[in-house]
Amino acid sequence: MEYRNVPTICTYCGTGCGLLLEVLDGQVVGTYPDYAHPVSEGHLCIKGWNAGAFVHHPDRLTKPLFRKGNDFVEVSWDEALERVAGELKRIRDQYGPDAIGLFGSAKATNEANYLMQKLARAVIGTNNIDHCARLCHAPSVAGLAMTFGSGAMTNSIPELENSRCILVTGSNTTEGHPIIGARIMRAKERGATLIVVDPRDIQLARFADFHLRQRPGTDVAWINGMIHVILREGLENKEFIATRTENFDALWEVVKEYPPERVEQITGIPADQLAAAARAYARAESAAIVYAMGITQHTTGTDNVVSLANLAMVTGQIGRPSTGVNPLRGQNNVQGACDVGALPNVYPGYQSVTDEKVRQKFLEAWGAAPPARAGFTVTEMVDLAGVGAIRALYIMGENPLLSDPNIHHAREALERIEFLVVQDIFLSETAQFAHVVLPAASFAETSGTFTATDRRVQLVRQAIPPIGESREDWQIICEIARRLGTPAGPYGKFDYAGTAEIMDEIAALTPIYGGISHRRLEELGFLQWPCRTPDDPGTPILHTEQFTRGLGRFQPVHYRDPAELTDKEYPFILTTGRVMFHWHTGTMTRRSPKLHKEVPEGYVEINPLDAERLQIGKSERIRLVSRRGAVETKAWITRRVAPGVVFMPFHFAEAAANVLTNAALDPVAKIPEYKVCAVRIEKITEVERPEKLVAARAGAS
Ligand code: SF4
């Protein structure tokens with residue numbers, strides 16, 4: 001009998017908690033918190049405690065599959081890899097490299113994502129590589145780069161506990177990132193002022209000094225309103241503005257149009273509360289802004305992010321401990337997948353694909369590089385697949401058929417595509433449309449690194465060998481690349497002894513990761529980028545002396561309405577989000593018995609006043625209809641939502657919120673507007689309930 005505890009990193013959210021996988025005779029039998037971990041310090045949320053529960057699930061893919069009619073047949077790895085390489089080669093040769101698109105994965109390691117974008121760029125010859133960051137924090141990457149020069153969380157998670165004021169907006173932190181939520185609660189216990197700006201009465205709101213309940217989609221207005229109050233009352237940090245920023249004059253020109261009284265009309269936030277919250281934030285010795293997808297998933301996502309950056313700069317609440325602008329990244333490695341270049345506009349380390357010098361650098365290193373123009377985003381690639389411009393998609397560990405907005409449209413596109421290969425651990429909704437399915441190893445069966453939301457790079461350790469015939473992502477990508485033919489540059493090979501060697505290559509080509517190696521991570525536990533040289537201790541706080549771009553740039557923006565407003569036909573605003581027990585498309589959490597038991601099915605939150613008016617009873621099944629589709633689900637009558645607003649979690653395929661959501665995009669970051677769309681609520685009549693009809697007929701006969 002062999003028993004081991006293997007330290008690794010949680011596979012769910014971007015907090016990056018440390019856990020120990022308990023292994024007995026090659027089976028993961030338990031999960032325990034890592035007491036030595038600097039962020040989680042011996043704590044895990046319910047998902048972390050159950051992180052190993054899906055690993056041995058009978059649904060795991062264990063052999064490569066070919067589609068045969070409406071079914072799949074098992075094939076050998078050789079057959080599968082030959083077919084994938086053969087089809088990609090055929091399509092590239094016939095239609096050009098840009099007829100192929102690749103999806104990296106925010107769940108996979110940095111090493112696998114680096115290889116995926118290298119496969120796209122150096123082997124296939126396209127910048128068509130993207131991943132689900134597009135659907136969560138692309139506006140953070142774009143907006144913070146425009147204002148600060150670097151699109152990542154500015155401070156570190158543990159610092160939150162010492163903040164004197166925390167402004168949380170668009171983040172249901174105690175459910176989405178529970179261990180960070182606990183840090184915020186501890187700050188509150190220590191006397192910090194807590195400001196929560198959220199349309200829902202989330203748990204943190206109950207402990208907040210200010211809960212400002214805005215109408216969904218009106219964030220620019222309330223942020224401009226706070227800046228208006230700060231400037232009108234002389235609460236700005238004049239020295240910081242004078243020495244560290246530029247374009248300040250343009251700011252007042254815009255925010256002067258947002259007195260709190262006007263903001264109240266737009267947002268519904270009482271003017272006096274907005275003003276009081278603005279004063280508390282500006283006067284605090286240290287104030288941190290924490291936000292998540294409630295800020296980014298809008299057609300104004302980038303505007304929302306730059307507005308928060310304006311607020312931090314005008315008060316000088318940045319560049320010091322326990323301050324800053326802190327986007328909480330969703331997936332365990334969405335930060336890392338961006339860092340290592342699984343994006344269509346940048347090489348690893350955010351080096352622009354349109355910069356000819358950068359292109360030359362990678363051309364010399366790999367021996368091949370695509371033309372200096374940005375590739376397509378995930379949503380664009382799916383659209384282009386629908387019209388035949390993208391003929392092949394290679395998707396690693398992502399599930400666009402549940403995560404894309406307006407999923408009927410995504411389904412039609414994937415039904416039409418000439419060749420779809422999906423590499424995953426389960427037969428996801430997307431994999432069911434694939435021509436070839438490649439079985440991948442889970443986080444427990446692979447090694448490499450994840451980068452947490454606070455730029456913290458940490459080692460992921462292999463606890464057990466891959467299940468069945470599944471293989472590690474990085475090995476599968478190498479096999480496909482070698483079959484396609486690899487370029488001749490000094491870093492052109494796809495032949496590595498292990499993931500440590502891949503990280504050495506990343507470090508050599510990615511200045512912000514220049515000092516990161518598996519050996520150092522083993523020694524130090526973690527390193528936060530930028531970490532440029534082998535003796536660089538890393539950077540817990542960004543922008544301390546100067547911003548990454550030199551001077552911070554104010555980017556004032558005016559409020560714009562969401563893309564879809566309510567009307568007579570669709571009188572409710574639908575907003576979407578997470579619950580504590582599930583993760584994104586539910587592929588793993590719904591196969592974890594304890595998590596599934598807690599929340600086994602989808603639902604929609606409806607305010608009691610609306611429920612009464614529509615005569616909807618507790619747990620009644622109802623239909624939600626938007627301009628794009630309809631879903632049936634259960635009503636949860638609760639004051640967590642305001643009248644006129646309904647909320648659905650997005651984890652449930654059978655009540656998929658994204659059947660309803662709007663695919664309208666933010667013009668800069670190309671993120672869809674998941675957080676606001678117009679819907680109506682319909683009662684389901686008795687006649688429509690087939691099970692009742694059957695029961696009634698059975699009773700009558
Ligand atoms: Fe895992 Fe996130 Fe929970 Fe930590 S907070 S245990 S990383 S899901």
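Reading guide: rules and limits
- Residues numbered from 1 in each chain as written.
- Predicted model: local features only at pLDDT ≥ 70, side-chain atom pairs only at ≥ 80, totals over all residues.
- Heavy atoms only, no water.
- Helix = DSSP H or I, 4+ residues; strand = E, 2+ residues; numbered from the N terminus.
- Rg over C-alpha atoms; globule rule 2.2 N^0.38 Å.
- Buried < 20%, exposed > 50% of the residue type's maximum accessible area, 1.4 Å probe, protein only.
- Phe/Tyr/Trp six-rings, centres within 6.5 Å; stacked < 30°, edge-to-face > 60°.
- Domains from an automatic or database assignment.
- Contact = heavy atoms within 4.5 Å.
- Buried area = accessible area lost by both parts, 1.4 Å probe.
- Salt bridge = Lys/Arg side-chain N within 4 Å of Asp/Glu carboxyl O.
- Polar contact = N/O pair within 3.5 Å; in protein donor to acceptor, adjacent residues only side chain to side chain.
- Nonpolar A, V, L, I, M, F, W, Y, C, P; charged D, E, K, R; others polar.
- Axes fitted to C-alpha atoms, helices over the stretch in contact; angles between N-to-C directions.
- Parallel < 35°, antiparallel > 145°, perpendicular 65-115°, else oblique.
- Left-handed = near helix turned anticlockwise from the far one by under 90°.
- Expected span 1.5 Å × (residues − 1).
- 1 Å grid on protein atoms, 1.4 Å probe; cavity = no way out; pocket = protein on both sides within 12 Å on 5 of 7 lines; lining within 4 Å.
- Points joined across faces, edges and corners; volume = space filled by probe spheres on them.
- Pairing = 2+ DSSP bridges.
- Near = heavy atom within 4 Å.

Helix and strand content of the chain: 25 helices and 30 strands. The C-alpha radius of gyration computed for the chain amounts to 25 Å, which stays within 12% of the reference 27 Å derived for 701 residues, consistent with globular compactness. In terms of overall dimensions, the chain has a C-alpha envelope of 80 × 70 × 55 Å along the principal axes. A buried classification covers 64% of the 701 residues belonging to the chain.

Once that is clear, we can look at the packing of aromatic side chains. For the coordinates displayed, the defined rule picks out 12 aromatic pairs. A ring pair is formed by Phe-148 and Phe-547, whose centres lie 5.1 Å apart and whose planes are at 25°; its orientation type is stacked. Linking Phe-148 in the loop between helix 4 (138-147) and strand 8 (165-169) with Phe-547 in the loop between strand 21 (527-528) and strand 22 (552-553), this pair joins segments that are 399 residues apart in sequence. In this pair, the class of Phe-148 matches that of Phe-547, namely buried. Taken together, the aromatic side chains of Tyr-114, Tyr-347, Phe-362 and Trp-366 make up a single cluster linked through ring pairs.

For the chain, the domain assignment lists domain 1 (3-49), domain 2 (65-133 + 332-511), domain 3 (138-327) and domain 4 (572-698). Listed per partner, the contact involves 25 residues of domain 3 and 25 residues of domain 4. Of the roughly 2100 Å² buried between domain 3 and domain 4 on both sides combined, carbon and sulfur atoms contribute 58%. Of all residues in domain 3, Arg-200, Gln-297 and Thr-299 bury the most surface against domain 4, accounting for 33% of the area lost on that side. Residues Glu-175 and Arg-640 are paired through a salt bridge, measuring 3.4 Å at the closest nitrogen-oxygen approach. Linking domain 3 with domain 4 are 10 residue pairs in polar contact (both at pLDDT 80 or more), by the criterion used here. Elements with a minimum of two residues in the side of domain 3 that touches domain 4: helix 4, helix 5 (173-176), helix 13 (293-296) and helix 14 (301-315). Here the residues of the side of domain 3 that touches domain 4 are counted per class, giving seven nonpolar, 13 polar and five charged.

At a minimum axis separation of 7 Å, helix 17 (residues 378-386) and helix 19 (residues 407-416) run at an interaxial angle of 55°. On the basis of the axis angle, helix 17 is oblique to helix 19. Pair helix 17 / helix 19 crosses with left-handed handedness. Here helix 17 contributes Val-382, Asp-383, Ala-385 and Gly-386 to the contact with helix 19, which in turn contributes His-409, Ala-410, Ala-413 and Arg-416.

Attention now goes to helix 8 (residues 219-232). Look at helix 8: 20 Å from first C-alpha to last across 14 residues, which is about the 20 Å you get at 1.5 Å a residue. Counting buried residues in helix 8 gives 13 out of 14 residues, a clear majority hidden from the surface. After helix 8 finishes, the residue Gly-234 shows a positive phi value of roughly 65°.

Let's shift gears to the layout of surface pockets. In this structure, the largest pocket occupies an estimated 750 Å³ of space. Ala-145, Gly-149, Ser-150, Gly-151 and Tyr-350 are the residues nearest the centre of the largest pocket, which is lined by 38 residues in total. Element by element, the count of residues in the lining of the largest pocket is highest for helix 4, at four residues. Within the lining of the largest pocket, the residues separate by chemical class into 20 nonpolar, 13 polar and five charged.

The next thing to look at is empty space enclosed by the protein. This model, assessed by the stated rule, comprises four cavities of 30 Å³ or more. The volume enclosed by the second largest cavity comes to roughly 340 Å³. In terms of lining, the second largest cavity is formed by 24 residues, of which the most central are Gly-170, Asn-172, Gly-294, Thr-576 and Lys-675. Looking at the lining of the second largest cavity, the elements that each hand over two or more residues are helix 13 and strand 23 (572-577). The element that contributes the greatest number of residues to the lining of the second largest cavity is strand 23, accounting for three residues.

Two elements, strand 28 (residues 662-665) and strand 29 (residues 672-673), share two bridges in a ladder whose sense is antiparallel. Within strand 29, the residue paired with Asn-662 across the bridge is Glu-673.

Relative to the elements of secondary structure, Val-23 occurs in strand 2 (residues 18-24). Given the relative accessible area of 1%, Val-23 is considered buried. Setting aside residues up to four positions removed in sequence, Val-23 forms contacts with Glu-2, Tyr-3, Arg-4, Val-6, Ala-463 and Ile-464.

For the rest of this paragraph, the subject is the pairing of strand 9 (residues 193-197). Two faces belong to every sheet, and in a regular strand the side chains alternate between them. Taking burial as the measure, the five residues of strand 9 include four buried ones, the bulk of the element. Here strand 8 runs beside strand 9; their pairing, made up of five bridges, is parallel. Within the sheet, the bridge partner assigned to Leu-167 lies in strand 9 and is Ile-195. Of the strand pairs in this sheet, strand 9 and strand 10 (residues 210-212) are connected by three bridges, and their pairing is parallel. Paired with Ile-195 across the bridge in strand 10 is Phe-210.

Moving on: the site of the ligand. Inspection of the region around the ligand gives Cys-10, Tyr-12, Cys-13, Thr-15, Gly-16, Cys-17, Leu-44, Cys-45, Lys-47, Gly-48, Pro-178 and Ile-179 as its neighbouring residues. Only helix 1 (46-49) and helix 6 (178-189) provide two or more residues apiece to the shell around the ligand. Classifying every residue of the shell around the ligand by side-chain character gives eight nonpolar, three polar and one charged.

Moving on, we come to the packing of helix 8 against helix 10 (residues 248-255). Axis separation between helix 8 and helix 10 bottoms out at 9 Å; the angle between their running directions is 110°. By the criterion of interaxial angle, the relationship of helix 8 to helix 10 is roughly perpendicular. Helix-helix and strand crossings are classified by hand; for helix 8 and helix 10 the assignment is left-handed. Of the residues in helix 10, those touching helix 8 at Asn-224, Ile-227, His-228 and Leu-231 are Phe-248, Leu-251, Trp-252, Val-254 and Val-255. Taken together, the residues that form the contact of helix 8 with helix 10 break down as seven nonpolar, two polar and no charged.

Taken in spatial order, the three strands of this open sheet run 1-2-3, and their pairing is antiparallel. Two strands bound the open sheet, and with one partner strand each, they are strand 1 (3-9) and strand 3 (27-33). Sheet twist, expressed as the average angle between the axes of neighbouring strands with direction ignored, equals 30°. Two strands pair when backbone bridges link them, and strand 1 and strand 2 are joined in this way by seven bridges, in the antiparallel orientation. Among the inter-strand pairings, Thr-8 is bridged to a residue of strand 2, identified as Leu-19.

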